[in-house]
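# Working through the structure, step by step
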Amino acid sequence: MNIWKELAPREVGKCTYLPVAHYTLLKEEKTSFCECLKGFQLPYGYSSNVKRLISMHDLKLIGLKSHDFHVVMEQLLPVAIHGILQKNVRHTITRLGSFFNSICSKEIDHQKLDELEEEIIVILCQLEMFSSSSFLISLCIWLFIL
């Protein structure tokens, strides 16, 4: 079907290899991402201590509460992925964070709701262009849970 030619299986000798997706981070990139998150200094009481929520051994975020997810997604993630991911992936994730920030504000302008609805459609289409449908489905479920 000639869709995602760069992600098509490649045969090398008798073995078949699958290349990594655009949003997959290598170990060095995960380390850089976690170190960047660990370096953030947030005001007291704004969220949990982000330094304690990062496991450098596993290179994962652990024990985040829902407010911590919001802080990471809306404000920290766009900064942390800036030098790591490709521009189109980084731009889409930043737009998603901006969308979350808009719908989670204390006051929402009713005239902007139509614009936000159109914006999330474009963002989800962009996410679908470089990610699998299972990732997109889990993201949509996560959106509705929050």
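Read on for a plain summary of the structure. Bear in mind that the values here come from a model prediction, so they are computed numbers and not experimental data.

With that settled, consider the overall build of the chain. Counting secondary structure elements, the chain contains five helices and four strands. Its helices and strands in sequence order give the chain the pattern β-β-α-β-β-α-α-α-α, from N to C terminus. In the chain, which comprises 146 residues, the proportion classed as buried is 29%. In the chain, once contacts between residues fewer than 6 apart in sequence are set aside, the share between residues at least 24 apart is 53%.

Let us now look at helix α2 (residues 66-80). A bend of about 45° at methionine 73 is the largest found in α2. Those residues of α2 not exposed but buried are Asp68, Val71, Val72, Met73, Glu74, Leu76, Leu77, Pro78 and Ala80.

Moving on to the nonpolar core. If you look at the biggest cluster of nonpolar residues, it comprises 28 residues, and the most contacted ones within it are Phe33, Leu37, Leu76, Leu77 and Leu96. For this core, the elements supplying multiple residues, two or more each, are α1 (27-38), α2, α3 (87-103) and α4 (112-130). The leading source of residues in this core is α2, at six residues.

Further remarks concern a negative patch on the surface. Taken together, the side chains of Asp109, Asp114, Glu115, Glu117 and Glu118 make up a negatively charged region of the molecular surface. Relative to the helices and strands, glutamate 117 resides in helix α4.

Each full turn of the α-helix corresponds to 3.6 residues, which orients residues three or four apart in the same direction. The terminal C-alpha atoms of α1 lie 16 Å apart, and with twelve residues this matches the ideal 16 Å at 1.5 Å per residue to within 8%. Restricting attention to buried positions, one finds in α1 the residues Phe33, Cys34 and Leu37. Projected onto a plane normal to the axis of α1, the buried residues spread over an arc of 95° and lie on a single side.

What counts and what doesn't
- Residues numbered from 1 in each chain as written.
- Predicted model: local features only at pLDDT ≥ 70, side-chain atom pairs only at ≥ 80, totals over all residues.
- Heavy atoms only, no water.
- Helix = DSSP H or I, 4+ residues; strand = E, 2+ residues; numbered from the N terminus.
- Buried < 20%, exposed > 50% of the residue type's maximum accessible area, 1.4 Å probe, protein only.
- Contact = heavy atoms within 4.5 Å.
- Bend = angle between axes of the 7 residues up to and from the residue.
- Core = buried A, V, L, I, M, F, W, Y, C linked by side-chain atoms within 4.5 Å.
- Patch = residues over 30% accessible without salt bridge, like charges linked within 9 Å, V, L, I, M, F, W, Y side chains within 5 Å.
- Areas by Shrake-Rupley, 256 points an atom, 1.4 Å probe, with all protein chains shown as cover.
- Salt bridge = Lys/Arg side-chain N within 4 Å of Asp/Glu carboxyl O.
- Lys, Arg positive; Asp, Glu negative; His and termini not counted.
- Charge placed at Lys NZ, Arg CZ, Asp CG, Glu CD.
- Expected span 1.5 Å × (residues − 1).
- Arc of directions from axis to C-beta.

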